[in-house]
Amino acid sequence: MHHFHPLKATKVSRETNDCIHIAFEIPENLKYKFSYKQGQYINVRFLFGEEDLRRSYSIINAPSEDHSELEILVKHLDQGKVSTYLNHELKLGDIVEVMAPSGHFYTHYNATNEKTYVGLAAGSGISPVLSNLKEALYQEPKSSAYLFFSNKSLNEIIFKKEIDDLVQKFEGRLKVIYLLSREKHFEDELFEGRISPEKLDLLFQRFTDIPVQESTYFICGPSEMIKGIGNYLKKDKKVPSLQVMYEYYAAPDDAENSEMSDEFKAIPNLESMVTLIIDDDEYSFHLNSKKKSILDQALDDKLPVPFACKGGVCCTCKAQVMEGEVFMEKNFALTDDEVARGFVLTCQCHPTTNVVMLNYDV
Ligand code: FES
């Protein structure tokens, strides 16, 4: 179920100095596997010598658009082997191993809705936000959308042409406000700087047609932005949690994470027999609760476990607890409902009972 498929790159085009826009062709026989929802992501895999490196990239397209290709944006990171390869070596026609889309950064649209959607994106965080806003506009003719999009400078605004074209296409239903954090370009100071709670407060005061409490929000950017804005909307503006959706692209690195590590220190020290169900096969191994995560041990044992970020962000390693209990260090991907139903991120899990059984096939 978590297999990689060879897809051909049918577009490799430079979007900004440090971002590449890639499209993969979806062959007819894989269309059902690669059907996707707005805001989902794909995992890609590269083997560099002994290293099996996997990365997740959000899909830019909306399901209501053409389905013959899947498009992603890859930002070059200085130490990133995969992003460096994709930015500087990938060529048109190259084959890349890609896993079918997953993720749940989306809401359900209905043609009778008359809602307001607000996208809040920074830099490459635009991909899943744009996918969601496009789908909302295609699916709900009476709904409208706002996009607040921050970039460093005018030249670095990602997908500016496509976004400006969408503003024309959805006449009056999509409003876009660009903010620049490192360049003074607009006369109005309101459009300088990053998206922060204070900035959003000022933007709401200016754009008074946004029904703040009733709107649905899609947020993607650095973790401090997501946390700050999420708290501001939910606590200060009393927006119901279900209307505030966010997607992390890296695990937050802050005090709260270390507190979670303290919780990990407090779990019992025991030996466990862990059994994993993967594609209808069962694999078992012994694992000490204080040592490696269940995923790391499974990878050491060369088991065919699905994974990508290994940081509790992407959800690829999700499994359901069938027997026993585990401690999950971090979770930036599963919903409360999934956790209540026994789903866990195995890259973050340690056994806390002598017998544990997890099922990846659910
Ligand atoms: S591998 Fe990404 S959440 Fe576990």
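Residues numbered from 1 in each chain as written. Predicted model: local features only at pLDDT ≥ 70, side-chain atom pairs only at ≥ 80, totals over all residues. Heavy atoms only, no water.

Caption draft 1: Region of the structure containing the overall build of the protein. Within the protein, the secondary structure is distributed over eight helices and 18 strands. In terms of overall size, the protein behaves like a compact globule, its C-alpha atoms giving a radius of gyration of 21 Å where 362 residues would be expected to give roughly 21 Å. Seen along its three principal axes, the alpha-carbon backbone of the protein occupies a region of about 65 × 50 × 40 Å. The burial tally for the protein puts 51% of its 362 residues in the buried class. Surface exposure of the protein reaches about 17100 Å², of which carbon and sulfur atoms provide 48%. (Helix = DSSP H or I, 4+ residues; strand = E, 2+ residues; numbered from the N terminus. Rg over C-alpha atoms; globule rule 2.2 N^0.38 Å. Buried < 20%, exposed > 50% of the residue type's maximum accessible area, 1.4 Å probe, protein only. Areas by Shrake-Rupley, 256 points an atom, 1.4 Å probe, with all protein chains shown as cover.)

Caption draft 2: View of the pattern of salt bridges. Inspection of every chain in the model, using the stated rule, returns 17 salt bridges. Across the salt bridge formed by Lys160 and Asp164, the nearest N and O atoms sit 2.7 Å from each other. Remark: Asp164 and Lys160 occur in helix α3 (residues 160-169); sequence separation between them is four residues, near one turn of the helix. One connected set of salt bridges, linked through shared partners, spans Glu65, Lys134 and Glu162. (Salt bridge = Lys/Arg side-chain N within 4 Å of Asp/Glu carboxyl O.)

Caption draft 3: Quick look at helix α1 (residues 81-88). Looking only at α1, the buried set comprises Val82, Ser83, Leu86 and Asn87. Within α1, the buried residues cover an arc of 125 degrees as seen down the axis, which keeps them to one side. Considering only its buried residues, α1 is in contact with β1 (4-16), β2 (19-25), β3 (41-48), β4 (51-58) and β5 (69-75). (Arc of directions from axis to C-beta. Contact = heavy atoms within 4.5 Å.)

Caption draft 4: Structural detail: the UniProt feature "domain: FAD-binding FR-type" (unreviewed entry) in the protein. With numbering matched to this structure, UniProt assigns "domain: FAD-binding FR-type" (unreviewed entry) to residues 2-108. The span residues 2-108 is 7% helix and 45% strand, and its two end C-alpha atoms sit 24 Å from each other. (UniProt positions renumbered as here; feature names shortened; annotations may be inferred.)

Caption draft 5: Molecular detail of the sheet that holds β4. Pairing is antiparallel in the open sheet, where six strands are placed in the order β4-β3-β6-β1-β2-β5. Each edge of the open sheet is held by one strand with a lone partner, namely β4 and β5. Neighbour-to-neighbour, the strand axes of the sheet open up by a mean angle of 40 degrees, direction not taken into account. In this structure, β1 lies alongside β2, joined through seven bridges in antiparallel fashion. Paired with Lys11 across the bridge in β2 is Ala23. (Pairing = 2+ DSSP bridges. Axes fitted to C-alpha atoms, helices over the stretch in contact; angles between N-to-C directions.)

Caption draft 6: Quick look at the sheet that holds strand β12 (residues 271-278). Read from one edge to the other, the open sheet built from five strands follows the order β13-β12-β18-β14-β16, with strand pairing classed as mixed. Of all the strands in the sheet, just β13 (281-288) and β16 (343-345) have a single pairing partner and so form its edges. Neighbour-to-neighbour, the strand axes of this sheet turn through a mean angle of 35 degrees, independent of strand direction. For β12 and β13, the ladder comprises eight bridges, and the chain directions are antiparallel. Directly across from Val274, in β13, lies its bridge partner Phe285.

Caption draft 7: Representation of the side chain of Ser143 in the model. Position of Ser143 relative to the elements: it lies in the loop between α2 (126-139) and β8 (144-151). A distance of 2.6 Å separates the side chain of Ser143 from the side chain of Glu140, its partner in a polar contact. Not counting residues within four places of it along the chain, the set of residues in contact with Ser143 comprises Asn113, Glu114, Lys115, Tyr117, Leu137 and Arg173. (Polar contact = N/O pair within 3.5 Å; in protein donor to acceptor, adjacent residues only side chain to side chain.)

Caption draft 8: Molecular detail of the layout of surface pockets. The calculated volume of the second largest pocket comes to roughly 1300 Å³. Element by element, the count of residues in the lining of the second largest pocket is highest for β4, at five residues. The residue inventory of the lining of the second largest pocket, partitioned by class, reads 24 nonpolar, 14 polar and eleven charged. (1 Å grid on protein atoms, 1.4 Å probe; cavity = no way out; pocket = protein on both sides within 12 Å on 5 of 7 lines; lining within 4 Å. Points joined across faces, edges and corners; volume = space filled by probe spheres on them. Nonpolar A, V, L, I, M, F, W, Y, C, P; charged D, E, K, R; others polar.)

Caption draft 9: Spotlight on the nonpolar core. Ranked by size, the top nonpolar core spans 29 residues in total, and within it Leu276, Phe285, Ile294 and Leu358 carry the most contacts. Every element with two or more residues in this core is listed here: β12, β13, α7 (294-300), β15 (326-328), β16 and β18 (355-359). With residues near it in sequence (within four places) discarded, Ile294 still touches Val274, Leu276, Phe285, Leu287, Val326, Thr346, Cys349, Pro351 and Leu358. (Core = buried A, V, L, I, M, F, W, Y, C linked by side-chain atoms within 4.5 Å.)

Caption draft 10: Structural view of empty space enclosed by the protein. All chains considered together, the criterion is met by one cavity of 30 Å³ or more. Looking at the largest cavity, the residues that line it are Leu130, Leu133, Lys134, Leu137, Leu147, Leu166 and Leu174. If you tally residues by element for the lining of the largest cavity, the top one is α2, at four residues. Here the lining of the largest cavity is composed, by residue class, of six nonpolar, no polar and one charged.

Caption draft 11: Broad picture of unusual backbone geometry. At Phe159, a position not held by glycine, the phi torsion is positive, near 55 degrees. Within the secondary structure, Phe159 is located in the loop between β8 and α3. We classify Phe159 as buried; its relative accessible area is 3%. Phi at Lys238 is positive, roughly 55 degrees, even though this residue is not glycine. Here Lys238 lies in the loop between α5 (223-236) and β11 (244-248).

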